[in-house]
Amino acid sequence: RDTSRKIRTIFGARTAAGKRVSGAIPYGYLHAPHDRQQWIVDEAAAPIVKRIYRSIIEGKTMTQIAEELTSEGVLTPAAHWANIGAGMKKPHNPNPNLWSVSTIIQILRKEEYMGWKVLNKSRKDNYKSKKRVLASPEERLVFKNAHPAIIDEETWHIVQRLQGTKRKRQKTGGSPNPLTGILYCADCGEKMFHKQG
């Protein structure tokens, strides 16, 4: 218990000082060459992140996005890191181009793309445990403008609203309406969606 408490104290002090205690990094960023606390934009991956966010606003589903990236042979995040020797874990999937919906979801939820450093997002009950517990909003530490943003805040928040909106797959030849999930009915207050036909 003493060891666990000491480790938590050390990590807590580093986090409070705004220092990351994990080496994990979101797809689209790389560690700065001479300071792993600093992130720089991965010029090869950042356009894919932007494309994913833009595709959601254009009305595409996460399944459609994953299928497009797969069919175009775009490397998955794990395969990309392995390809550039970024020191990340080896990809579990033998197909380096097979994108999953869960990967798209993870990318769409990352607040870090707005340039935010988000610390203390989860915790362990003790240092031996592998199970992590999500921290409450009050426990999290957020530092804005901590690194270059890939997605602006307005775009990020629009995508979060759209994620909570029922999206209907467009018919062939139909153009998606970017206002889906953003406009609200003046009478009932419910979100509105574009219906064709």
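What you see is a predicted model, and the numbers here were worked out from it, not measured in a lab. (Residues numbered from 1 in each chain as written. Predicted model: local features only at pLDDT ≥ 70, side-chain atom pairs only at ≥ 80, totals over all residues. Heavy atoms only, no water.)

## Considering the overall build of the protein
Thinking step 1. Of regular secondary structure, the protein possesses six helices and six strands.
Thinking step 2. Each helix and strand of the protein, ordered N terminal to C terminal, gives the series α-β-β-α-α-α-α-β-β-β-β-α.
Thinking step 3. Burial statistics for the protein: of 197 residues in total, 30% are counted as buried.
Thinking step 4. A sequence separation of at least 24 residues applies to 57% of the contacts in the protein between residues at least 6 apart.
Thinking step 5. Summing over all exposed atoms, the protein offers an accessible surface of approximately 12700 Å²; the carbon and sulfur share of this is 53%. (Helix = DSSP H or I, 4+ residues; strand = E, 2+ residues; numbered from the N terminus. Buried < 20%, exposed > 50% of the residue type's maximum accessible area, 1.4 Å probe, protein only. Contact = heavy atoms within 4.5 Å. Areas by Shrake-Rupley, 256 points an atom, 1.4 Å probe, with all protein chains shown as cover.)

## Let's talk about the nonpolar core
Thinking step 1. Of all hydrophobic cores here, the largest spans 30 residues; its most connected members are Tyr27, Ile52, Tyr53, Trp99 and Tyr113.
Thinking step 2. When contributions to this core are tallied by element, the ones reaching two or more residues are α2 (46-57), α3 (62-71), α5 (101-109) and α6 (153-163).
Thinking step 3. Dropping the residues within four chain positions of it, Trp99 is found in contact with Tyr27, Ile48, Ile52, Ala66, Leu69, Thr70, Val74, Leu75, Thr76, Pro77, Ile104 and Ile107. (Core = buried A, V, L, I, M, F, W, Y, C linked by side-chain atoms within 4.5 Å.)

## Some words on the packing of α2 against α6
Thinking step 1. It is the contact of α2 with α6, at a shortest axis distance of 9 Å, that shows an interaxial angle of 50 degrees. Here α6 runs oblique to α2, going by the angle between their axes. Between α2 and α6 lies a crossing whose hand is left-handed. For the pair formed by α2 and α6, the contact residues are Tyr53, Ile56 and Ile57 on the first element and Thr155, Trp156, Ile158, Val159, Gln160, Leu162 and Gln163 on the second.
Thinking step 2. Grouping the amino acids of the contact of α2 with α6 by side-chain chemistry returns seven nonpolar, three polar and no charged. (Axes fitted to C-alpha atoms, helices over the stretch in contact; angles between N-to-C directions. Parallel < 35°, antiparallel > 145°, perpendicular 65-115°, else oblique. Left-handed = near helix turned anticlockwise from the far one by under 90°. Nonpolar A, V, L, I, M, F, W, Y, C, P; charged D, E, K, R; others polar.)

## Some words on the packing of aromatic side chains
Thinking step 1. Within the structure shown, the criterion is met by five aromatic pairs.
Thinking step 2. Look at Tyr27 and Trp99: their rings are 5.9 Å apart centre to centre, the planes differ by 70 degrees, and that puts the pair in the edge-to-face class. Residue Tyr27 is located in the loop between α1 (2-16) and β1 (29-32), and its partner Trp99 is located in the loop between α4 (77-84) and α5; the two are separated by 72 residues in the primary sequence.
Thinking step 3. On the basis of relative accessibility, which here comes to 5%, the residue Tyr27 falls in the buried class.
Thinking step 4. Here Trp99 falls in the buried class, since its relative accessible area comes to 5%.
Thinking step 5. With a centroid separation of 6.1 Å and 15 degrees between ring planes, the pair formed by Tyr29 and Tyr113 is classed as stacked. On the criterion of sequence distance, the pair formed by Tyr29 in strand β1 and Tyr113 in the loop between α5 and β3 (117-119) is long-range, its members being 84 residues apart. No difference in accessibility class separates Tyr29 from Tyr113, as the two residues are buried.
Thinking step 6. Ring-pair connections join several aromatic residues into one group, and the members of that group are Tyr29, Trp39, Tyr53 and Tyr113.
Thinking step 7. Sitting above the plane of the Phe143 ring, Lys117 keeps its charged end 5.8 Å from the centroid. (Phe/Tyr/Trp six-rings, centres within 6.5 Å; stacked < 30°, edge-to-face > 60°. Lys NZ or Arg CZ within 6 Å of the ring centre and 35° of its normal.)

## Here we look at the pairing of β1
Thinking step 1. Taken together, the four bridges between β1 and strand β2 (residues 35-41) define a ladder with antiparallel strand orientation. Looking at β2, one finds that Ala32 is bridged to Asp35. (Pairing = 2+ DSSP bridges.)

## Topic: the packing of α2 against α3
Thinking step 1. The interhelical angle for the contact between α2 and α3, taken along N-to-C directions, is 145 degrees, at an axis separation of 10 Å. Of the two possible hands of crossing, α2 and α3 adopt the one that is right-handed. Listed contacts from α3 to Ile48, Arg51, Ile52, Ser55 and Ile56 of α2 are Met62, Ile65, Glu68 and Leu69.
Thinking step 2. Per-class residue counts for the contact of α2 with α3 are six nonpolar, one polar and two charged.

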